[in-house]
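Observations on the model geometry
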Amino acid sequence: METNTNKLKTPPKELLEFFIRKIELTIPQISKDLNLSIPTTNKLVSYLFDNNYIINAGKVEKAEGRPPVLYKVNKNVGLFMGVDIKKDFIHISLMDFCGDVINNIGYNCSIENSNKGLKKLCSIINNTFKVWEINKISIKYICINIPGRIDTEAGISHTFFTFLEDPITEVLEYELNHKIVIENDTRAMLVGELFMGNYTEKNIIYINVGWGLGSGLVINGDIVKGKYGYAGELGHFYAYNNEIMCHCGKKGCLETEVSGSALHRKLMESLNNGKKSILSEKANNNESISLLDIINATNSEDLLCIDLVEKIGSELGKHVSNLINLLNPELIIIGGTMASTGDYFFLPLKSSIKKYTLKIVNKNTNIILSKLKENSGAIGACLIARERFIKQMTV
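Residues numbered from 1 in each chain as written. Predicted model: local features only at pLDDT ≥ 70, side-chain atom pairs only at ≥ 80, totals over all residues. Heavy atoms only, no water.

Let's shift gears to the overall build of the chain. For the chain, the count of helices and strands is 13 helices and 15 strands. Taking 395 residues into account, the globule formula puts the C-alpha radius of gyration at 21 Å, and the chain, at 23 Å, falls close to it. Along the three orthogonal principal directions, the C-alpha set of the chain runs to about 80 × 55 × 35 Å. Relative to its 395 residues, the chain shows a buried fraction of 50%. Partitioning the intrachain contacts of the chain with sequence separation of at least 6 by distance along the chain shows that 62% fall at a separation of at least 24. Put simply, the chain has 45 plus and 43 minus side-chain charges, and the middle of one group is 4 Å from the middle of the other. (Helix = DSSP H or I, 4+ residues; strand = E, 2+ residues; numbered from the N terminus. Rg over C-alpha atoms; globule rule 2.2 N^0.38 Å. Buried < 20%, exposed > 50% of the residue type's maximum accessible area, 1.4 Å probe, protein only. Contact = heavy atoms within 4.5 Å. Lys, Arg positive; Asp, Glu negative; His and termini not counted. Charge placed at Lys NZ, Arg CZ, Asp CG, Glu CD.)

What follows is the structure in structure tokens.
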């Protein structure tokens, strides 16, 4: 049955998104919740059903009257891949149309800003197809998270693969033969956290303390992107007269003292000055020390690493306090690699926030560690890939 949906005030895409949020619905439920007439609801549901976006899930058993048909999202519409690029690690997840994660894989590697790095990224993604033994045709969209300034709509990264003349999405679509969308890594982490965390708060700040420092904002229930998608660059607030050059090309950025890269620099300086650590032997043997090495040492109760992590946590708390005083959020979520040190990082941060915020402003602000931890970025990327697929549905 063909259904004309062009003149309906609630497009099928909108109803499909509503289904994804609610999982299972009946026509009377939809009619009531979306304030639609039964005939209009029937048209919308028929369109989605005829195009296999939703399926029959049986009937709702009721004491009286004819039980209504229950519909639910068809998980077999397609698969969505999320690729989360970190400093020394790539995390990839696979999700079905219902939002269930069905596969995860990680690679210990770094991607450099070069044509060689681009080829390496494509090779890793193609290798993942083989490892998972999936039909590439079933993957409808791939989202790749990239740190830094990302123009999602234009498909341009101003941080990675900057040597390209064409948008990175176009190049990757050619190389991988798949639809591609890119997103800022912190914003994707926020998307994953919101979806899986079941938060009810409408005003949220997400802080990503990885190799760099980023933030994501939710104001009145909406994720803030800014005009071109560059909102949330917390790490590049001018904060110090320290003459340390940030990777962005400017001096004194918050990220130069509060980030994983700052932690790494401070540790190496301490080791070179003769301070002792679990990692001293690696340094003496001229072996490379990664951020993950420092995190593991911290969690193994290395006193030098703990001291550095605590100081960075306390310093971050001062600047998060400014955000709380400015925005009066309900919830602060701390994520990223450094958050995996738990209370070593978290308790000094909370203590600093308590010290530097206005009491009347912070008393209703809850501060927590990320529920998804290192999985948030790849999961968020899957969700963004699905969102882009729905956005480009032909109706």
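Anyway, onward from the coordinates.
Our next topic: the layout of surface pockets. To find the voids left in a structure, one rolls a probe of water-molecule size over its atoms. Space inside the second largest pocket adds up to approximately 1100 Å³. Taken together, 30 residues line the second largest pocket, and the ones lying closest to its centre are R21, V191, F195, I223 and E387. Looking at the lining of the second largest pocket, the elements that each hand over two or more residues are α1 (12–22), β10 (180–184), α6 (185–197), β13 (222–223) and α13 (376–391). Per-element tally for the lining of the second largest pocket: the top contributor is α13, with seven residues. Of the residues belonging to the lining of the second largest pocket, the class tally is 13 nonpolar, four polar and 13 charged. (1 Å grid on protein atoms, 1.4 Å probe; cavity = no way out; pocket = protein on both sides within 12 Å on 5 of 7 lines; lining within 4 Å. Points joined across faces, edges and corners; volume = space filled by probe spheres on them. Nonpolar A, V, L, I, M, F, W, Y, C, P; charged D, E, K, R; others polar.)

The next thing to look at is the nonpolar core. Grouped together as the largest cluster of nonpolar side chains are 37 residues, with contacts concentrated most on I207, L263, L267, L316, I334 and F345. Per-element accounting of this core gives the leading share, nine residues, to helix α10 (residues 303–327). Those residues in contact with L267 that lie beyond four places of it in its chain are L279, I289, I294, L304, C305 and L308. Formed by 36 residues, the second largest nonpolar core is a distinct cluster that contains F18, I54, C143 and A188. (Core = buried A, V, L, I, M, F, W, Y, C linked by side-chain atoms within 4.5 Å.)

Let's shift gears to the sheet that holds strand β12 (residues 213–219). The sheet built from five strands is open, its strands ordered β13-β12-β11-β14-β15 with mixed pairing. Looking along the sheet, the strands with just one partner apiece sit at the ends: β13 and β15 (366–369). The strands that helix α11 (residues 343–356) touches are β11 (204–209), β14 (331–335) and β15; relative to β15, the one it contacts most, it runs at about 165 degrees. (Pairing = 2+ DSSP bridges. Axes fitted to C-alpha atoms, helices over the stretch in contact; angles between N-to-C directions.)

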